[in-house]
Amino acid sequence: MNTGQMFLTLGAIMLFGVQLLRVNTSELSAADEVSNAKFSVMGVALARSRIDRAFSLKFDANTVSGNAVPDASGNPSSGSFTAATGLGPSDAEKTSGKADEAKFNDFDDYHNFAAAVDTLPSARYVVTSQVWYVNPKVGFAKSTTPTWDKQITVTVTSPNLQAPIILSAISSYWRYN
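Reading the values: the criteria
- Numbers given to residues run from 1 along each chain, matching the order in which its sequence is written.
- Where totals are concerned, whole chains, interfaces and linings use all residues; where local detail is concerned, this predicted model gives features only for residues with pLDDT of at least 70, and gives and counts side-chain atom pairs only at 80 or more.
- Side-chain descriptors were evaluated using all non-hydrogen atoms of the structure, hydrogens and water having been removed beforehand.
- Where helices and strands are cited, they refer to DSSP runs of H or I of at least four residues and of E of at least two residues respectively, numbered from the N terminus.
- Think of it in three bands: with a 1.4 Å probe and only protein chains considered, a residue is buried below 20% of the maximum accessible area for its type, exposed above 50%, and partly exposed in between.
- Contacts were defined at the residue level, with two residues in contact if any of their heavy atoms lie within 4.5 Å.
- Each accessible area is a Shrake-Rupley estimate made with a 1.4 Å probe; only the visible protein chains count as cover when residues are assessed.
- Residue-level confidence of the predictor is what pLDDT reports, using numbers from 0 through 100.
- With a 1 Å grid laid over protein atoms only, a set of points is called a cavity when a 1.4 Å probe fits there but cannot get out and a pocket when it is open yet has protein on both sides within 12 Å along at least five of seven lines; lining residues have an atom within 4 Å of a point.
- Grid points are joined across faces, edges and corners, and a volume is the space filled by probe spheres set on the points.
- Classes in brief: Ala, Val, Leu, Ile, Met, Phe, Trp, Tyr, Cys and Pro nonpolar; Asp, Glu, Lys and Arg charged; the others, Gly included, polar.
- What makes two strands pair is DSSP finding at least two bridges between them.

A word on the overall build of the chain
Okay, so step 1: From N to C terminus, the chain includes one helix and seven strands.
Okay, so step 2: Mapped in sequence order, the helices and strands of the chain form the string α-β-β-β-β-β-β-β.
Okay, so step 3: Out of the 177 residues in the chain, the part that is buried amounts to 30%.
Okay, so step 4: The long-range fraction of contacts in the chain, counting pairs at least 24 apart against all pairs at least 6 apart in sequence, stands at 53%.
Okay, so step 5: Carbon and sulfur atoms make up 59% of the accessible area of the chain, which amounts to about 11,000 Å² in all.

Structural notes on the confidence of the model for the chain
Okay, so step 1: Chain-level statistics for the chain give a pLDDT mean of 86 and a share of 89% at 70 or above.
Okay, so step 2: Across the chain, the secondary-structure element scoring lowest on mean pLDDT is helix α1 (residues 3-55), at 79, and the one scoring highest is strand β6 (residues 149-157), at 97.

Digging into the layout of surface pockets
Okay, so step 1: Each pocket or cavity is described by its volume, and for the largest pocket that value is around 150 Å³.
Okay, so step 2: As for the largest pocket, its lining consists of Gly74, Asn75, Pro76, Asn135, Pro136, Lys137, Thr145, Pro146, Thr147, Trp148 and Asp149.
Okay, so step 3: When grouped by side-chain class, the residues that make up the lining of the largest pocket number four nonpolar, five polar and two charged.

Focus: the pairing of β6
Strand residues, when the strand is regular, have side chains that alternate between the two faces of the sheet.
Okay, so step 1: Of all nine residues in β6, seven are buried; the element is thus mostly enclosed.
Okay, so step 2: In this sheet, β6 lies alongside strand β4 (residues 125-135) in antiparallel orientation, the contact comprising eight bridges. Each residue of the ladder has a partner; that of valine 127, found in β6, is valine 156.
Okay, so step 3: Note: β6 against strand β7 (residues 165-172), eight bridges, orientation antiparallel. Pairing of threonine 153 across the sheet is with serine 168, part of β7.

Here is the structure:
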């Protein structure tokens, strides 16, 4: 083999090595993307599950056994709904001073509620939620007084996620006679 052929052979081996590294890098990158997608899908499912559970409950603690009554302006009358500063689980919905989801009976019990989900074999998630009144007349901005609408925002975090997952939904009270 002469020198020219040797250089061609070495060049071919180098090109093959570079291509092999590129393929390995692509495969690792694709595997990371697939893993991130799986963790994200699970995070969205956990957030959606929390929202669905909140929506399955009564709108407010004061509507668990009856209807809210509007005042002359059509707003919730005094005492019809929980005050904005009182959102969250009551003492009856706690066990040993800690919120107990099994005892929740209304939508806003999920205010400031956090729970770790560590039963999955792949990752550990923390699911937190916030609930507040919103005013649809001003773009669903937070309201410091009770309205017919509450928003829940659920945040899911995990060391396996590239960014937190945040989902929101609005529940409205509908009174039927």
